[in-house]
Amino acid sequence: MNELKRLERVTRFSKIFGSATTLEDVCRSIVQADEFAGKLVGTQIHTLTRRGTFVSAAVFGMECHPEMESLWLFDDHPISKSAQSKEIVVEPHPSENGYDVWSMPILRDRNVAGSLSSVVKQGEEIEPFNEQELVSIANLAYLFLSNSGMPEIVNNADSAASGQLTKRQHEIVMFMARGLTNAQIASELILSESSIKQES
């Protein structure tokens, strides 16, 4: 891929981040982007906590890692390996045959703040990102992630995680951070809207 094509690719990603209003919008737009159409079956964004765990911040389609399961920075998983190496890692999906996980770190300068990962059908050709593309897109992802407020919410929950938030409260906070209304959260969790108001 020549330099002009690479610049166009970074520009496409900046448009994805610039036009999105939620983290789910980013995931959806990546899966549906012309470059990846028919190749990606899911995209997921994780934020990295102070304790070294990844928390799912958004997903569209198939998950790279289940939202409610823990994932540590040093686990044997493509998301963890990508964060450790600060490079793109492509490996078979740990739990879904016939799919690969493409994972790239989300960077604040050269510090890892999370992960942007996609599930790809095995055998599909995707042009690899070079180092300049990786750094540019990874830092754009960080700007959008930090503007969403998700890292602060996750880290505050992580600090209070000495048992103060229930699992249900944590789920509600995560949905709130994604921009869902109380009615939408109630629908997702199969609860009444008044229960959501009380918990939040």
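Throughout, residues of each chain are indexed from 1 in the direction in which the sequence is written. Per-residue local features are limited, in this predicted model, to residues with pLDDT of at least 70; the limit for side-chain atom pairs, both in listing and counting, is 80 or more; totals at the level of whole chains, interfaces and linings are taken over all residues. Only hydrogens and water are set aside; all other atoms, that is, all heavy atoms of the structure, feed into the side-chain values.

(A) Inspection of the overall build of the protein at higher detail. Put simply, DSSP H or I for four residues or longer makes a helix, DSSP E for two residues or longer makes a strand, and each gets a number counted from the N terminus. Helix and strand counts for the protein come out as 8 helices and 6 strands. Secondary structure elements of the protein, listed N to C terminal, follow the sequence α-α-β-β-β-α-β-β-β-α-α-α-α-α. Relative accessibility under 20% of the residue-type maximum defines a buried residue, over 50% an exposed one, and the middle range a partly exposed one, all with a 1.4 Å probe and only protein chains included. By residue count, 46% of the 200 residues in the protein fall in the buried class. Taking contacts inside the protein between residues at least 6 apart in sequence as the whole, the part at least 24 apart equals 50%. Each accessible area value is a Shrake-Rupley result obtained with a 1.4 Å probe; residue values ignore everything except the protein chains displayed when judging cover. For the protein, the accessible area works out to roughly 10300 Å², and carbon and sulfur atoms hold 49% of it. We call two residues in contact whenever any of their non-hydrogen atoms come within 4.5 Å of each other.

(B) Just the side chain of Glu24, in detail. Its location among the elements puts Glu24 in helix 2 (residues 23–32). What makes Glu24 buried here is its relative accessible area of 14%. Setting aside chain neighbours within four positions, we find Glu24 in contact with Ala57, Ala58, Val59 and Arg178.

(C) Here's a closer look at the sheet that holds strand 3 (residues 71–72). Here 6 strands make up an open sheet; going across it, the order is 3-2-1-6-5-4 and the pairing antiparallel. The sheet is open, and its two edges are formed by strand 3 and strand 4 (89–92), each paired on a single side. Here helix 2 sits on the sheet in contact with strand 1 (40–48), strand 2 (53–61) and strand 6 (111–121), set at roughly 55° to strand 2. Helix-sheet contacts for helix 4 (residues 131–148) involve strand 1, strand 2, strand 5 (99–108) and strand 6, and the interaxial angle to strand 5 is about 70°. Whether two strands pair depends on DSSP finding at least two bridges between them. Every angle, taken between N-to-C directions, lies between 0 and 180 degrees, and every axis is a line fitted to C-alpha atoms, over only the stretch in contact when it is a helix.

(D) Inspection of the pairing of strand 4 at higher detail. Sheet topology places strand 4 next to strand 5; 4 bridges connect them, and they run antiparallel. Its bridge partner being in strand 5, Val89 is matched across the sheet by Ser103. Remark: 6 residues form the turn of the hairpin made by strand 4 and strand 5, two consecutive strands paired antiparallel; Gly98 in that turn has positive phi of roughly 90°.

(E) Broad picture of the pattern of salt bridges. The working definition used for a salt bridge is a side-chain nitrogen of Lys or Arg within 4 Å of a carboxyl oxygen of Asp or Glu. Inspection of the entire model under this criterion finds 8 salt bridges. The partner of Lys81 in a salt bridge is Asp76, and the shortest N-O contact between them spans 2.8 Å. Three or more residues joined by partner-sharing salt bridges are found here, namely Arg6, Arg9, Arg12, Glu35, Glu127 and Glu133.

(F) Seen up close, helix 4. Between the first and last residue of a helix there are one fewer steps than residues, each counted as 1.5 Å, and that sum is the expected span. With 18 residues, helix 4 extends 26 Å from end C-alpha to end C-alpha; this agrees with the ideal 26 Å at 1.5 Å per step. Where helix 4 is concerned, the buried positions are Glu133, Leu134, Ile137, Ala138, Ala141, Tyr142, Phe144 and Leu145. The N-cap residue of helix 4 is Asn130: its side-chain oxygen and the backbone nitrogen of Gln132 are 3.1 Å apart. Side-chain atoms alone can form a polar contact between residues adjacent in sequence; in general such a contact is a pair of N or O atoms within 3.5 Å, and within protein one must be able to donate a hydrogen while the other accepts it.

(G) Helix 1 (residues 3–19), seen in detail. An ideal rise of 1.5 Å per residue puts 24 Å on 17 residues; helix 1 measures up with 24 Å between its terminal C-alpha atoms. Restricting attention to buried positions, one finds in helix 1 the residues Arg6, Arg9, Val10, Phe13, Ile16 and Phe17. Buried positions in helix 1, seen along its axis, are confined to an arc of 110° and lie on one side of it. Seen from the open side of helix 1, the exposed residues pointing more than 90 degrees away from its buried face are Leu4, Leu7, Lys15, Gly18 and Ser19. This arc is built from the directions going out from the helix axis to the C-beta atoms.

(H) Molecular detail of the environment of His77. Looking at where His77 falls in the secondary structure, it is placed in the loop between strand 3 and helix 3 (78–85). Sequence separation between His77 and Val101 is 24 residues; the distance between their C-alpha atoms is 9.3 Å. Each residue touching His77, except ones within four places of it in the same chain, is listed here: Cys64, His65, Leu71 and Pro94. Side-chain polar atoms of His77 contact the backbone oxygen of Cys64, separated by 3.4 Å.

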